[in-house]
Amino acid sequence: MDDLRELYQEIILDHNKNPKNFGDLPEANHQAEGYNPLCGDRVNLYLKLENDKIQDVRFKGSGCAISKAAASVMTTEIKGKTVDEAKQLFKKFQKVITGEVDADAHSAELGKLVVFAGVRQFPVRVKCAALAWHTLLAAFEDERKTVSTE
Ligand code: ZN
């Protein structure tokens, strides 16, 4: 898996090994499950929303390093943001990982999310990186069903 090794930057490896905000969130009032059948990644996302603001977020899941690291980095970047701010961030993230715009275009807003810009060379991995975000959108709507990247 040489392709993967190229993607594995230090930050991704670190988040995969020591994911942030990993586990249950008993006070969650929104949740969703995401599934990426192309890779077999699963993400369960738990949100505590108050007045349209993400007060707290946790995730659980299993899958490849990209999907897990992407979920971990996402939780660190969205905590404290409003629902709209998180949605805007996803739009920018999606443009960067699909190669629609250069990572530089949004580097300030994206923060650590920018490390996933490399997935643009691997279309299958784009789904892995975006899974947590699709799950987040579902959790905002509180869809208690599995969302799929397909
Ligand atoms: Zn994956």
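Draft legend 1. Layout of the coordination of the zinc ion. On the protein side, the zinc ion has Cys39 (SG), Asp41 (OD), Asp41 (OD), Cys64 (SG) and Cys128 (SG) as donor atoms, found 2.1 to 2.7 Å from it. On the primary sequence, the residues serving as donors to the zinc ion are separated as C-x1-D-x22-C-x63-C. Of this pair, Asp41 sits in strand E2 (residues 41–50) while Cys128 sits in helix H6 (residues 123–140), placing them 87 residues apart in sequence. Judged on exposure class, the residue Asp41 and its partner Cys128 are both buried.

Draft legend 2. Seen up close, the packing of aromatic side chains. Scanning all chains against the criterion turns up four aromatic pairs. Relative to Phe59, the ring of Phe22 lies with its centre 5.1 Å away and its plane at 85°, an arrangement referred to as edge-to-face. Here Phe59 lies in strand E3 (residues 53–62) and Phe22 lies in the loop between helix H2 (10–17) and strand E1 (30–36), a separation of 37 residues in the sequence. We classify Phe22 as partly exposed; its relative accessible area is 38%.

Draft legend 3. Molecular detail of the pattern of salt bridges. Per the stated rule, a full pass over the model turns up seven salt bridges. The residue Glu33 makes a salt bridge to Arg42 at a minimum N-O spacing of 3.4 Å. A salt bridge links Arg58 to Asp56; the shortest N-O distance between them is 3.0 Å. Under the relative-accessibility criterion, Arg58 is labelled partly exposed at 23%. One network of salt bridges, in which partners are shared, links Asp56, Arg58 and Lys79.

Draft legend 4. Up close: the packing of helix H3 (residues 65–78) against H6. Between H3 and H6, whose axes approach to 8 Å, the crossing angle comes to 40°. It follows that H3 is oblique to H6 by the angle criterion. Once H3 is placed against H6, the crossing between them reads as right-handed. Every residue of H6 that contacts H3 at Ile66, Ser67, Ala70, Ala71, Met74 and Ile78 is listed here: Arg125, Cys128, Ala129, Ala132, Trp133 and Leu136.

Draft legend 5. Representation of the environment of Cys128. Of the residues examined, Cys128 reaches a relative accessible area of 0% and is grouped as buried. A sequence separation of 31 residues divides Cys128 from Ile97, and the C-alpha atoms of the two residues are 11 Å apart. With residues near it in sequence (within four places) discarded, Cys128 still touches Asn36, Cys39, Asp41, Cys64, Ile66, Ser67 and Ala70.

Draft legend 6. Layout of the nonpolar core. Counting residues in hydrophobic clusters, the biggest one holds 41 residues, and the most contacted among them are Phe93, Phe116, Trp133 and Leu136. Secondary-structure elements contributing two or more residues to this core are E2, E3, H3, helix H4 (83–97) and H6. At ten residues, H6 tops the list of elements feeding residues into this core. Residues contacting Phe93, with those up to four places away along its chain left out, are Leu110, Leu113, Phe116, Ala129 and Trp133.

Draft legend 7. Inspection of H3 at higher detail. Its 14 residues place the ends of H3 20 Å apart at the C-alpha level, agreeing with the 20 Å of an ideal helix rising 1.5 Å per residue. Of all 14 residues in H3, twelve are buried, a share of seventy percent or more. Residues Ala65, Ile66, Ser67, Ala69, Ala70, Ala71, Ser72, Val73, Met74, Thr75, Glu77 and Ile78 constitute the buried set of H3. Looking at the residues trailing H3, positive phi occurs at Gly80, about 90°.

Conventions we followed
- Residues numbered from 1 in each chain as written.
- Predicted model: local features only at pLDDT ≥ 70, side-chain atom pairs only at ≥ 80, totals over all residues.
- Heavy atoms only, no water.
- Donors = N, O, S within 2.8 Å, 3.2 Å for Na, K, Ca; no water.
- Helix = DSSP H or I, 4+ residues; strand = E, 2+ residues; numbered from the N terminus.
- Buried < 20%, exposed > 50% of the residue type's maximum accessible area, 1.4 Å probe, protein only.
- Phe/Tyr/Trp six-rings, centres within 6.5 Å; stacked < 30°, edge-to-face > 60°.
- Salt bridge = Lys/Arg side-chain N within 4 Å of Asp/Glu carboxyl O.
- Axes fitted to C-alpha atoms, helices over the stretch in contact; angles between N-to-C directions.
- Parallel < 35°, antiparallel > 145°, perpendicular 65-115°, else oblique.
- Left-handed = near helix turned anticlockwise from the far one by under 90°.
- Contact = heavy atoms within 4.5 Å.
- Core = buried A, V, L, I, M, F, W, Y, C linked by side-chain atoms within 4.5 Å.
- Expected span 1.5 Å × (residues − 1).

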